[in-house]
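Chain by chain, the residues run as shown.
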Amino acid sequence: MPGIIGAVHSSAPPPAGRPRSAQTSVAVVIPCFNDGETLTQAVRSAQDQDRLDELVVVDDGSTDASTLDVFHALEDEGVRVVHRDNGGLGAARMTGVRATGSEYIFCLDADDRLRPGALGALAAALDDDPGLALAWGDYLLFGERSWRQETAPSLDPWQISYQNDIPASVLVRRSALLPSGGWELRGGYEDWDMLMGLAERGERGLRVPIVVYEYRQHGPRMLSESAARHGEIYALLRGRHPGLFASRREAWRRSDAPWTLKLALPAIFALPIGANRRRLLAGAACHLAGHRGLGLLISRVKDGS
């Protein structure tokens, strides 16, 4: 298909009334470090989207022989693979961003899968509101555990300074992402840092009420490793985004978060407990304030998540 890099299955017609030539271009970036076993599934889920103009896989210095074989197979079929020295998730994502020219960018982890039609739905939200910087949906956990994870309704500058309820994979405008710094942090919470940067600049984000991707549960993932260092990384985030934290009181007044959450989060962070316990309590408060079900919360607590 002309104009599409490595996206050999994106032949669905554009929505009625909006010719493809008038649509804003969409890129998917898939960073990969030794995830060859699941990478092809991630790539196929991107290729099957109804809105896709560029697809770039980023080899973040993989050393696993079977993963290198998968890269070669993908390159042989025309998928663009960018090879770089290992620099971590954020650096790999930004390498992919710089390798694309599309205005809308979606970063998908190599062990996850996009749901059919997801990019079209997110892109339509950005198309319809030029002032919207990013859009996301819910995600479905599968593998060792399974449930639908509902997410925040908006990018709330007050809430994001306490807790991140927005998923890792979002569709974001390049014109908003690059001035905010993008994915810069290394060592955990790269997504939270990126979202804080957008919120600090006054950018807006919106949830689309669909399941956008499937999040694979298998062994230790980076999020669980970051959670073990929650206090250390959170202190780093505060130092990186002083304006966001300095305006927290005013942001609280403007916040559309439920009152239960607006009262709970400051109280939780005032408790004389460890940082990881604060994280867990904040997550539980967000879950309950969003009316996401007590049964699911109990199951997650039993699972240790």
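Structural notes, computed from the coordinates. Please read all numbers here as calculations on a predicted model, not as lab measurements.

**A few points about the packing of helix α1 (residues 36-47) against helix α2 (residues 65-76)**
Move 1: Direction vectors running N to C along α1 and α2 enclose 30°, while the axes themselves pass 8 Å from each other. Classed by the angle they form, the pair α1 and α2 counts as roughly parallel. Residues G36, L39, T40, V43 and R44 of α1 form the contact with α2, whose participating residues are T67, V70, F71 and L74.
Move 2: Here the contact of α1 with α2 is built from residues that sort into five nonpolar, three polar and one charged.

**Looking at the pattern of salt bridges**
Move 1: Using the criterion set out here, one finds 16 salt bridges in the structure.
Move 2: Between D193 and R240 there is a salt bridge; the shortest N-O distance is 2.8 Å. Here R240 lies in helix α9 (residues 230-240) and D193 lies in helix α7 (residues 190-200), a separation of 47 residues in the sequence.

**Structural notes on empty space enclosed by the protein**
Move 1: Summed over all chains, the structure comprises one cavity of 30 Å³ or more.
Move 2: Looking at the largest cavity, its volume works out to about 40 Å³.
Move 3: Its residues assigned to classes, the lining of the largest cavity shows four nonpolar, three polar and two charged.

Procedures and definitions
Residues numbered from 1 in each chain as written. Predicted model: local features only at pLDDT ≥ 70, side-chain atom pairs only at ≥ 80, totals over all residues. Heavy atoms only, no water. Axes fitted to C-alpha atoms, helices over the stretch in contact; angles between N-to-C directions. Helix = DSSP H or I, 4+ residues; strand = E, 2+ residues; numbered from the N terminus. Parallel < 35°, antiparallel > 145°, perpendicular 65-115°, else oblique. Contact = heavy atoms within 4.5 Å. Nonpolar A, V, L, I, M, F, W, Y, C, P; charged D, E, K, R; others polar. Salt bridge = Lys/Arg side-chain N within 4 Å of Asp/Glu carboxyl O. 1 Å grid on protein atoms, 1.4 Å probe; cavity = no way out; pocket = protein on both sides within 12 Å on 5 of 7 lines; lining within 4 Å. Points joined across faces, edges and corners; volume = space filled by probe spheres on them.

Scope: geometric values only; no functional claims are made or implied.
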